[in-house]
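Chain and residue survey
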Amino acid sequence: MSESPALPIYMRRSGFDPIPELSQIRDKEGVTRVSNMFGLDIDVYVITRFADVREVLGDSARFSNARQVGRPRPAGAQDISEEELSRMRAGNLLLFDPPEHTRLRRMLTPEFTMRRMRRLEPRIKEIVAEHLDAMEAAGPTVDLVSAFALPVPSLVICELLGVPYEDRDDFQRRTSKSLDLSLPVEERVAVQLESRAYMAELVARAQADPGEDLLGMLIREHGDDLSTDELIGTAGLLLLAGHETTSNMLGIGTLALLRHPDQLDLLRKEPERINAAVEELLRWLSIVHSGTFKFTTTDVELSGTTIPKDSLVACALPTANRDPALVPDPDRLDIGRGELGHVAFGHGVHHCLGAPLARMEMHIAFPALFERFPGLREADPPAEFRSFNIVYGLTSFQVAW
């Protein structure tokens, strides 16, 4: 795996693990200041301890997602007007604080309750079974990422939102590029504008003829409260987050279980442990490196370090979730721990809206995969981890049975 010096320390991994240097920072000082890369000439305070990360994520008054004071533009994004930037931010829950964030989220929350998600359960089971059938027909060696881990959540979120599944290759390409921090900023900005244009077309169609999907519901029930730009931004965020995160959990989570056969054997013998297994995989893998950056609105002290007002803050979720203060022997994968209060889905007002959907997909997909292929194993070439991405995971993963 490439460990380029251009990769910020809070994104560096060694296989499944955060790099040792990051864990050492957590165990010694807790907070460190680093120079950020990717064209931003600004220092970032990296928060590594579980308690501190929860404090940051839980306090939107002192740690703002929306504050733009002193936020420099990356080279390559200088030509976009403030008006266009404002339109691109509209509807993106991750870029707002209460009360604006509260207004947007309140319209979406009813659609992502566990009760609503259970209505999707039969269809998710069908989608999983269809892809397992296709794997079996194509096997006995396939790339689990392209055959199962990526298409299952993609189809689910497409059906939920009302996005044509036949468009998936294009939106997956754009999503992959927009999250790939190894690409030039100009290229990432270009695909973000492409994505926005695509969502604008979908929103226009849905406004003309609202369907029974989530986008249609938003237009019917909240069309007077949401601007067109907000509809575009909200739908775009849900589409991106709805397939990118869960697909990477399915891929790298399967690899983690195969490389820990004692844990996989325990899950097979006691399938009722699936809820705890999913929570432990979420904690242990922490595929979202840091979530969104935050700006301090006042001077703040964390773990004895004073962070000045208007400073940029990044939460290192992998080290927080492996903090000995959270669980004993935190670097060990142990599905016997039971469900935990990890921060893999964030915490506070920005706790992941789609967490119930992601959990349901994993609760269905992991057992179905291992039941269908009891002899599932890694094949050559070895699984390839991806480093320069906002969401950690695998680019490819050959399996056989």
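Small disclaimer: the values here were computed from a predicted structure and weren't measured. All residue numbers refer to position in the chain's written sequence, counted from 1. At least 70 in pLDDT is required for a residue's local features to be given in this predicted model, at least 80 for side-chain atom pairs to be given and counted, and no such filter applies to totals for whole chains, interfaces and linings, which use all residues. The basis for every side-chain value is the complete set of non-hydrogen atoms in the structure, without hydrogens or water.

**Points about the sheet that holds strand β11 (residues 377-378)**
Within a sheet, neighbouring strands are paired by backbone hydrogen bonds and run either parallel or antiparallel to one another. With respect to topology, three strands assemble into an open sheet ordered β6-β14-β11, the strand pairing being antiparallel. The sheet is open, and its two borders are formed by β6 (141-143) and β11, each paired with just one other strand. DSSP-based pairing: two strands are paired if at least 2 bridges between them are found. Every helix listed is a DSSP run of H or I at least four residues long, and every strand listed is a run of E at least two residues long, numbered separately from the N terminus. Bridge count for β6 against strand β14 (residues 398-400) is three bridges, and the pairing is antiparallel. In the strand pairing of β14, Val142 is matched with Val399.

**Section: the state of the cysteines**
Any pair of cysteine sulfurs within 2.5 Å is marked as a disulfide. Throughout the structure, instances matching the rule amount to zero disulfides. With no disulfide of its own, Cys158 has Cys352 as its nearest cysteine by sulfur position, at a separation of 17 Å. Working definition: with a 1.4 Å probe on protein chains only, accessible area under 20% of the residue-type maximum means buried, over 50% means exposed, and in between means partly exposed. Note on Cys158: relative accessible area 2%, which makes it buried. Free cysteine: Cys315, not disulfide-bonded; nearest cysteine sulfur from Cys352 at 16 Å.

**Describing helix α12 (residues 261-269)**
If you check which residues of α12 are buried, you get Gln263, Leu264 and Leu267. End-on view of α12: buried residues confined to an arc of 100 degrees, all on one side of the axis. On the buried face of α12, the contacting elements are α11 (228-258), α13 (274-285) and α15 (355-372). This arc is built from the directions going out from the helix axis to the C-beta atoms. By the convention used here, residues are in contact when the closest approach between their heavy atoms is within 4.5 Å.

**Concerning the packing of aromatic side chains**
When the centres of two rings from Phe, Tyr and Trp lie within 6.5 Å, Trp using its six-membered ring, the rings pair. Their planes under 30 degrees apart give stacked, over 60 give edge-to-face, and anything left gives tilted. Tallied over the entire structure, the rule returns five aromatic pairs. Between Tyr10 and Phe293, the aromatic rings sit 6.1 Å apart at their centres with planes inclined by 85 degrees, giving edge-to-face as the arrangement. Highlighted residues: Tyr10 in the segment before β1 (13-14) and Phe293 in the loop between α13 and β7 (294-296), separated in sequence by 283 residues. Note on Tyr10: relative accessible area 3%, which makes it buried. Aromatic pair Phe16 and Phe385: ring centres 5.6 Å apart, planes at 85 degrees, arrangement edge-to-face. Separated by 369 residues along the polypeptide, Phe16 in the loop between β1 and β2 (17-18) and Phe385 in strand β12 (residues 384-386) bring together distant segments of the chain. Residue Phe16 is classed as buried on the basis of its relative accessible area, which comes to 10%. Among the residues examined, Phe385 registers a relative accessible area of 17% and is labelled buried. In textbook terms, an aromatic cluster arises when at least three aromatic residues are bridged by ring pairs, as seen for Phe16, Trp284, Phe385 and Tyr392. Each ring is checked for a lysine NZ or an arginine CZ that lies within 6 Å of its centre and within 35 degrees of its normal; such an atom marks a charge sitting over the ring. The positively charged end of Arg174 is found above the aromatic ring belonging to Tyr198, 4.8 Å away from the centroid.

**Concerning the environment of Ala197**
In this fold, Ala197 is placed in helix α9 (residues 185-208). Separated by 35 residues in sequence, Ala197 and Ile232 have C-alpha atoms that sit 8.8 Å apart.

**Quick word on the sheet that holds β7**
With mixed pairing, the five strands of this open sheet are ordered in space as β3-β4-β10-β7-β5. Among the strands making up the open sheet, the edge pair consists of β3 (31-35) and β5 (63-64). In the sheet, β7 pairs with strand β10 (residues 312-315) via two bridges, with the strands oriented antiparallel. Across the sheet, the residue bridging to Phe295 is Leu312, located in β10. Against the sheet, helix α2 (residues 50-57) engages β3, β4 (43-47), β5, β7 and β10, with an angle of about 125 degrees to β10. Under this scheme, a helix contributes an axis fitted over its contacting stretch, all axes are lines through C-alpha atoms, and angles between N-to-C directions fall in the 0 to 180 degree range.

**Topic: α9**
With 24 residues, α9 should reach 34 Å at 1.5 Å per residue; the first-to-last C-alpha distance of 35 Å fits that figure. For α9, every residue scored as buried is listed here: Val185, Arg188, Val189, Val191, Arg196, Tyr198, Met199, Leu202, Val203 and Ala206. Tucked inside the fold, the buried residues of α9 contact α3 (82-89), α8 (168-179), α10 (214-222) and α11. Each helix should span, by expectation, one fewer than its residue count multiplied by 1.5 Å.

**Comments concerning the pairing of strand β13 (residues 393-396)**
In this structure, β12 lies alongside β13, joined through three bridges in antiparallel fashion. Bridge pairing links Arg386 to Gly393 in β13. Where β12 folds back onto β13 in an antiparallel hairpin, the turn is made up of six residues.

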